[in-house]
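# Coordinate inspection notes
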Amino acid sequence: MTELVAPQLVVNSRMIYFGWLPADPDAVAALVPDGLKPAPNHQVFMNQYVVDDAGQTNGFGAYSLTYIGPDLSGVDAPDGVTPGRWWTQYFNSSPVVRAYAEARGVPATPGKTTIEVRGRRLIATTEADGVPVIRTTARVGHTGDAVNRGQLRYLTRLDGKLHSGNYPFVAEPVDPFEVESLEFLEPDHPVYALRPANPLEIVWGFYSPRASFAYPGGESVLD
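What counts and what doesn't
- Residues numbered from 1 in each chain as written.
- Predicted model: local features only at pLDDT ≥ 70, side-chain atom pairs only at ≥ 80, totals over all residues.
- Heavy atoms only, no water.
- Salt bridge = Lys/Arg side-chain N within 4 Å of Asp/Glu carboxyl O.
- Helix = DSSP H or I, 4+ residues; strand = E, 2+ residues; numbered from the N terminus.
- Buried < 20%, exposed > 50% of the residue type's maximum accessible area, 1.4 Å probe, protein only.
- Core = buried A, V, L, I, M, F, W, Y, C linked by side-chain atoms within 4.5 Å.
- Contact = heavy atoms within 4.5 Å.
- Arc of directions from axis to C-beta.
- Polar contact = N/O pair within 3.5 Å; in protein donor to acceptor, adjacent residues only side chain to side chain.
- Pairing = 2+ DSSP bridges.
- Phe/Tyr/Trp six-rings, centres within 6.5 Å; stacked < 30°, edge-to-face > 60°.

With the rule as written, the count across this model stands at 6 salt bridges. The partner of Arg 85 in a salt bridge is Asp 71, with the nearest N and O atoms 2.7 Å apart. Of the two residues, Arg 85 is situated in strand E6 (residues 85-86) and Asp 71 in the loop between strand E4 (63-70) and strand E5 (72-73); the sequence distance between them amounts to 14 residues. The same class applies to Arg 85 as to Asp 71, namely buried. Notably, a salt bridge pairs Arg 135 with Glu 183, separated by 3.0 Å at the nearest N-O pair. With a gap of 48 residues between them, Arg 135 in strand E10 (residues 131-143) and Glu 183 in strand E13 (residues 174-184) connect regions that are remote in the sequence.

If you look at the biggest cluster of nonpolar residues, it comprises 27 residues, and the most contacted ones within it are Tyr 49, Tyr 63, Tyr 67, Tyr 90 and Tyr 215. Mapped by element, the contributors of at least two residues to this core are strand E1 (8-20), strand E3 (44-51), E4, helix H2 (95-102), strand E11 (148-158), strand E12 (161-171) and strand E14 (202-215). In contact with Tyr 215, not counting residues within four places along its chain, are Ala 6, Pro 7, Gln 8, Tyr 49, Phe 60, Tyr 63, Leu 65, Tyr 90, Tyr 100 and Tyr 167. Counting residues in each nonpolar core, the second largest holds 24 residues, with Phe 18, Val 44, Ala 128 and Ile 134 among its members.

Turning to H2, its buried residues number three or more, namely Val 97, Arg 98, Tyr 100 and Ala 101. In a view along the axis of H2, the buried residues occupy a sector of 160°, so they form one face of it. Buried residues belonging to H2 abut E1, E4, strand E7 (89-92), strand E8 (108-118) and E14. Where H2 begins, the side chain of Ser 94 points an oxygen toward the backbone nitrogen of Val 96, at a separation of 3.2 Å.

Along E4, 8 of the 8 residues are buried, which leaves the element largely enclosed by surrounding structure. With 8 bridges joining them, E3 and E4 adopt antiparallel strand pairing. Counterpart to Met 46 in the pairing with E4 is Ile 68. Relative to E7, E4 runs antiparallel, the two being bridged by 4 bridges. Across the sheet, Tyr 67 pairs through a bridge with Tyr 90, a residue of E7.

Applying the stated rule across the entire model yields 22 aromatic pairs. Consider the rings of Phe 45 and Tyr 154, whose centres lie 6.2 Å apart with planes at 55°: the pair is tilted. Taken together, the residues Phe 45 in strand E3 and Tyr 154 in strand E11 connect sequence positions 109 residues apart. This pair shows no difference in class: Phe 45 is buried, exactly as Tyr 154 is. An angle of 75° between the planes, with centres 6.2 Å apart, marks the rings of Tyr 100 and Tyr 215 as edge-to-face. Residue Tyr 100 is found in helix H2, and its partner Tyr 215 is found in strand E14; the two are separated by 115 residues along the sequence. Judged by its relative accessible area of 5%, Tyr 215 is buried.

Laid out in structure tokens, this is it:
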């Protein structure tokens, strides 16, 4: 396998990305490593996306991914508003992408994500080792003139040190967008600790059939 180096570009992925308040804030806080702090409301983020064709990447090939974890406090993205984020799970269908991510401290494991849109109903399902563990159901509309853009910040641990990377993105969100349900399907799986409160409270989010971004890898060691 040829070793891939940063950056890696992905264009026009199909992506649903959103955050919620958890059922068990203490369980979420326990997943945040020493040296970092959870967001004050302990909110959780999740990104489910699909890259349908190898031509959408410069080296990764086609793949699907769900990543999830706690939002953080005090390590914001470059905009000074969007919180930095800590990956607790990273379910990826591609051995190439998993190897790239693992080399940068990401907890990558085998998994598969599907996104089906029929009319205005979207269903995104995440599998871990062939077992469905998360299912999102959302109401979606069409893209218009709006564009989301900026940089996200993700933290990882590598060789005992915290690393920080900024990830630029551009996405065309649909309108309307509403997450109708979020189901964590396997109580015995570790990801169940991040399940949402009941009633479901979504704090932000979007669906985009055309979301592009770059993977820079670990860019710097966190002071």
